[in-house]
Amino acid sequence: MCDNPEICICQDTLDRMMPMHVLIGPEERITHVGPTLAKTQPGLNLVGQHFFDVFQPRRQGCQGNLMEACAKPGMKVYLRLRDEHATQLIGNVSVLPDRAGILMNLSFGIAVIDAVGRYDLAGSDFAATDLTLEMLWMFEAKSGALAESSDLAERMYGAKKAAEADAASDMLTGLCNRRVLDQVLERLVSRNAPFSLMHLDLDFFKAVNDTLGHAAGDHVLQVVSEILTEETREEDTVARVGGDEFVLVFDNMTDPKRLAKIATRMITRLEEPISFKDDVAQISGSVGVVSSTHYDPPDVAQMMEDADAALYASKERGRACFTFNQPGLTALAGNAMTKAG
Amino acid sequence: MHGLINGALQGFLCATYGHELWRKVMDELDTGFESFEPMFHYDDALTHALIDTSAKNLGKPRDVLLEDFGTYLVANPRSERVRRLLRFGGVDYADFLHSLDDLPGRARLAVPDLNLPQLELHEHGENGFSLSCTSPNLGFGHVILGVLRALADDYGALAFLEHLGRSGDCDTLSIQLLDSGFSEGREFSLAQKVTEHV
């Protein structure tokens, strides 16, 4: 009883079960190659060629006498095809009974993803037990899933950026919007900090829109935003709260003289002619001002209302000026307000 | 329902019937969003409402719309990735049919939370098959019918397919493979093309 019985296998069976095998006969010449391995060297008949003319060893081990090397138990071969791709191969070897030849069963290993494209291999080129197809399938499916995930991440990132920008600024002027203004005021009130609020409404802006068009109007709004930003400090807030309405918040500034100076300078600059293409737009501004120190405790809604009343008082007085207001004065109508400018 | 399925439905409806229909359907559904995220999860009820609303707007029976969706998944270039992943299943149509049992398992390998209907192929004689599709979701069987019909063309096989009805959770399809080499079919190369999907 032999514990390693020999069996006889037809070449057809070998081709089907090991389509990447190579048989090597006397003088280390190739006597047969499996159909898939043959596809890697199209137009070339490998049979009869010297083994080392087709394959190049990648490691020590199967150099020298091939038969001797292959006879080592558990021998693995690491090869490279001698073509322009130098495709890597790995495999098992076995010496045939009576040292009649060598059977080598090869595989592309991890290089298979490149190899299928390079040699135009199909599903039928792999044995049913070979997991290459499953691996290729996994590779593609995972690439797909990964692509969906990165698409999602990119979309989310874009949406987040856009939402952040939207939440913070007015699209046209880049100034803060009402939401941010509310947050700023809320913060100032909650930490009980002194501040002043200026409500500015452009004069004659509607005329610019009506006579010169909306593009000119948009340009004027951008210039106004620049002026307002330049005439305020870093720590102040400039918000656009309506078409041509702005609210400015002056952090830690309640001195009427300083506020008057700022308002005057702003109005003066707003009155400078603004060129747009061949036209010139001429606007001005009316301002209402309130300071938190006149309120105990400061109430944002009431301050806004009072600033608004002061603004209308400025309009009543013939525009292009500013008006201070404080609690108790609103009820007495515009003429009782502290006037300046 | 997995967002990949809702997203594919969206792709199908937009590619076939235009964005106008899509907006109308989403308006009616009143979800508060305009499109499905492929990697999110949605209520099954929403998917069914999406199918019903679309079918109603198009004046098409639900089953026919779902079968068209199945065809789209294989035949439309926008869904090339799905077609390729299916074609890996076999070297010819018969081989592919035998791989269907593994399809839900394969899908889960790629996307662990993607649940596809359970498929079981039975052979009846030389070229006759029946396929049972088990899923609590009504209509999957019709999608599979569309997929299988389109794949027969893709492989170049001539096959006669029929939906035999639903009993309980299980739809049964019958497949008669008349000629596996009927036409050239579409090319399929194992190597992934570099071009990205649409």
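See the structure above.
## Let's talk about the sheet that holds strand E3 (residues 158-167) of chain B
Residues and elements named next belong to chain B. As summarised here, the arrangement of the 4 strands in space is E1-E2-E4-E3, forming an open sheet in which the pairing is antiparallel. Edge positions in the sheet fall to strand E1 (118-124) and E3, since each of these pairs with one other strand and no more. Going across the sheet, the axis of each strand differs from the next one's by a mean of 20°, ignoring polarity. The pairing of E1 with strand E2 (residues 128-134) spans 7 bridges and is antiparallel. Paired with Leu-121 across the bridge in E2 is Leu-131. Its contacts with the sheet put helix H7 (residues 140-155) on E1, E2, E3 and strand E4 (170-179), and the angle it makes with E3 is roughly 175°.

## Some remarks on the interface of chain B and chain A
Interfaces are often sized by the accessible area lost when the parts come together. Taken together, the contact between chain B and chain A spans 20 residues of the former and 27 residues of the latter. The contact between chain B and chain A buries some 2,000 Å² in all, and 65% of this surface belongs to carbon and sulfur atoms. On the chain B side of the interface with chain A, the three residues burying the most area are Met39(B), Phe88(B) and Leu190(B), jointly 27% of the side's total. At the surface where chain B touches chain A, the tally comes to 2 salt bridges. In this structure, the salt-bridge partner of Arg84(B) is Glu140(A), at a minimum N-O distance of 2.7 Å. For the side of chain B that touches chain A, the elements supplying multiple residues, two or more each, are helix H4 (80-87) and helix H6 (103-110) of chain B. Ranked by the residues each element gives to the side of chain B that touches chain A, the list is headed by H6(B), at 4 residues.

Criteria and cut-off values
- Numbering of residues starts from 1 in every chain and runs along the sequence as written.
- To label them, take the chains in the order written and letter them from A, then take the ligands in the order written and number them from 1.
- The predicted origin of the model limits local features to residues at a pLDDT of at least 70 and limits the giving and counting of side-chain atom pairs to 80 or more, whereas totals for whole chains, interfaces and linings rest on all residues.
- Computation of side-chain values covers all heavy atoms of the structure but excludes hydrogens and water.
- When DSSP locates at least two bridges between a pair of strands, those strands are taken to pair.
- Numbering goes from the N terminus for both helices and strands, where a helix is a DSSP run of H or I of at least four residues and a strand is a run of E of at least two.
- Each axis is a line fitted through C-alpha atoms, taken for helices only over the stretch in contact, and angles between the N-to-C directions span 0 to 180 degrees.
- When checking whether two residues touch, look at their non-hydrogen atoms; a contact exists if any pair is within 4.5 Å.
- Here the buried area means the combined drop in accessible surface, using a 1.4 Å probe, for two parts upon being joined, counting both sides.
- The working definition used for a salt bridge is a side-chain nitrogen of Lys or Arg within 4 Å of a carboxyl oxygen of Asp or Glu.

By themselves, these are just geometric observations and shouldn't be taken as functional.
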